[in-house]
Amino acid sequence: MLDIKWIRENPRALDEALRRRGALPCAERLLELDERRREHLQTVQEMQTRRNEVSREIGQALREKDSERAERMKAEVADMKSAMAAAEEESRAVERQVEGLVASLPNLPLAGVPAGTDEADNREERQVGEKPAWDHPAREHFEIGEALGLMDPEVAARIAGSRFTVTKGALARLERALGQFMIDLHTSEHGYQEVAPPLLVRDAAMFGAGQLPKFAEDAFRTTDDRWLVPTAEVPLANLVREEILDHDALPMRVVALTPCFRSEAGSAGRDTRGMLRQHQFMKCELVSITDAESSLDEHERMTACAEEVLKRLGLHYRVMTLCTGDMGFSAQKTYDLEVWLPGQKTYREISSCSVCGDFQARRMNARYRPREEKGTRFVHTLNGSGVATGRALIAVMENYLEADGSITVPEVLRGYMGGLERIVAS
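Model, not experiment: these values are computed from the prediction. (Residues numbered from 1 in each chain as written. Predicted model: local features only at pLDDT ≥ 70, side-chain atom pairs only at ≥ 80, totals over all residues. Heavy atoms only, no water.)

**Student:** Pulling in residues and values, what's your account of the side chain of Gln278?
**Tutor:** Structurally, the position occupied by Gln278 is in the loop between strand E8 (252-261) and strand E9 (280-290). Here the side chain of Gln278 touches Thr165 through a polar contact of 2.7 Å, side chain to side chain. (Helix = DSSP H or I, 4+ residues; strand = E, 2+ residues; numbered from the N terminus. Polar contact = N/O pair within 3.5 Å; in protein donor to acceptor, adjacent residues only side chain to side chain.)

Structure (structure tokens):
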């Protein structure tokens, strides 16, 4: 959430930043509502002050046995009571409008983020590794998995409907191995603490992470008004909700390997076959909580941690800086890691690492006490996939495909696979 004080002082900067993000300018409307809110608050305060004065006058009149004056003052208090109730309700209504409008505003891009409207305007920063060079033709992951008898979309559809997949045997174990490898790497070498968070969260947690109100249609809601987490970022970021942290406790780095659930409401007709875009998927999620001065350096560090997963798997990928129109709602700046998929002959996102500044912290009221300063400041939050295990499975299947249709298990995963070196037809 943006700082209303900053908005008051920088309305033109707000509108320009919103234009860069492809959003409509709203500073004039917001400042108009904010002024109305302050006027209503002043009116209510003046009425409260007058009511207190009249109450004192009633007491004085009663002490002086001036019953006529006391009754007249009592009648004024009664009239003021209903007037105050109406004024307070109007004040609350304007307050809700201001809060709703501010809550709907996306985070503002940092300087240096490329301007643009969609993924075509993203900027490539670097490529890492080499594309596989084969004599045999590439195949898409669902073709490979179904031919091996280890991926069954038809059974999944009978059980749960579209956008689900059943994997079996060594293929199911391979995805589990990927997740365990990622968690072990991030906890043993990258300094993250593993967390097993709730997978059902309340409205406030979704709001704090920037998922509500904008992305309500993309999430699943339960009958008791909880939400299935669309990403472990939601519970992990909310670990510091309404907390005041000591500066020495920062940076705080946490990681979780969890199922994630998304309705994919805005993705009709896209990637309907296979595992690229599903309602349920596994993801290794990284979250960092830092002070205001360290967040940009932490962004580079987090991205490097996610890259290390792909390097050790021997996968070719590229790093993209997302343009202003392609960034997520809460992000100031985002790097996407896009892995090469030979079957599709294209790059696909496998990790997205974002720095959010104090945007989420304001929504969660998460603060820290700076060293040698009075008062508190909002923490800065960062999140990133480290990485999406389902997409990593796809990448391994397509990049390690052999001519006979088998899959070579990357060396770094063989210890998690009981020494298995190749996945063959069941």
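Moving on, there is more to tell.
**Student:** Break down unusual backbone geometry for me, with residues and values.
**Tutor:** Of note, the amide linkage connecting Leu212 to Pro213 takes the cis form, showing an omega dihedral of 5°. For Pro213, the position within the fold is in the loop between helix H8 (203-208) and strand E6 (227-228). Backbone torsion omega between Leu250 and Pro251 reads 0°, so that peptide bond is classified as cis. Looking at the element boundaries, Pro251 is found in the loop between strand E7 (244-246) and E8. In this structure, Glu242 takes a positive phi of about 55° despite not being glycine.

**Student:** Pulling in residues and values, what's your account of the nonpolar core?
**Tutor:** Counting residues in hydrophobic clusters, the biggest one holds 50 residues, and the most contacted among them are Leu171, Leu174, Leu178, Met182, Val387, Ile407 and Ile423. A total of 8 residues in this core trace back to one element, the largest contributor, which is helix H7 (residues 169-188). Dropping the residues within four chain positions of it, Leu171 is found in contact with Gly145, Leu150, Met151, Leu393, Met397 and Ile407. Of all hydrophobic cores here, the second largest spans 19 residues; its members include Met1, Ala17, Leu18 and Phe359. (Core = buried A, V, L, I, M, F, W, Y, C linked by side-chain atoms within 4.5 Å. Buried < 20%, exposed > 50% of the residue type's maximum accessible area, 1.4 Å probe, protein only. Contact = heavy atoms within 4.5 Å.)

**Student:** Mind laying out the sheet that holds strand E14 (residues 377-378), listing which residues take part and the relevant values?
**Tutor:** What the 3 strands build is an open sheet, ordered E7-E13-E14; its pairing is mixed. Edge strands, defined here as strands with exactly one partner in the open sheet, are E7 and E14. Two strands pair when backbone bridges link them, and strand E13 (residues 367-369) and E14 are joined in this way by 2 bridges, in the antiparallel orientation. When the sheet's bridge partners are listed, Tyr368 is paired in E14 with Arg377. (Pairing = 2+ DSSP bridges.)

**Student:** Any details on the environment of Val424? Residues and values, ideally.
**Tutor:** Its location among the elements puts Val424 in the segment after strand E17 (422-423). Taking the relative accessible area as the measure of exposure, Val424 reaches 48% and is therefore partly exposed. Through-space distance from the C-alpha of Val424 to that of Ala147 is 9.7 Å; in sequence the pair is 277 residues apart. Those residues in contact with Val424 that sit more than four places away from it in its chain are Leu148, Leu150 and Ser406.

**Student:** Break down the state of the cysteines for me, with residues and values.
**Tutor:** According to the stated counting rule, one finds 0 disulfides in the structure shown. Not engaged in a disulfide, the cysteine Cys305 finds its nearest cysteine sulfur in Cys353; these two sulfurs lie 8.7 Å apart. For Cys305, a relative accessible area of 5% corresponds to the buried category. Cys353 supplies the cysteine sulfur nearest to Cys356, a cysteine that is in no disulfide, at a spacing of 11 Å. Using a relative accessible area of 1% as the deciding quantity, one classes Cys356 as buried. (Disulfide = S-S within 2.5 Å.)

**Student:** Can you explain the pairing of strand E15 (residues 380-388)? Please cite residues and give values.
**Tutor:** It is a general feature of regular strands that their side chains alternate between the two faces of the sheet. In terms of burial, E15 is largely enclosed, as 9 of its 9 residues are buried. As paired elements, E9 and E15 share 7 bridges and run antiparallel to each other. The partner of Ser288 across the bridge, within E15, is Leu382. In this sheet, E15 lies alongside strand E12 (residues 346-355) in antiparallel orientation, the contact comprising 3 bridges. By the bridge assignment for E15, Val355 is matched with Leu382.

**Student:** Any chance you could break down the side chain of Asn383 for me, citing the residues and the numbers?
**Tutor:** Note on placement: Asn383 falls in strand E15. Separated by 3.3 Å, the side chains of Asn383 and Glu233 make a polar contact. Residues in contact with Asn383, not counting those within four places in the same chain, are Glu233, Glu285, Leu286, Val287, Met302, Ser352, Cys353, Ser354, Cys356 and Gln360.

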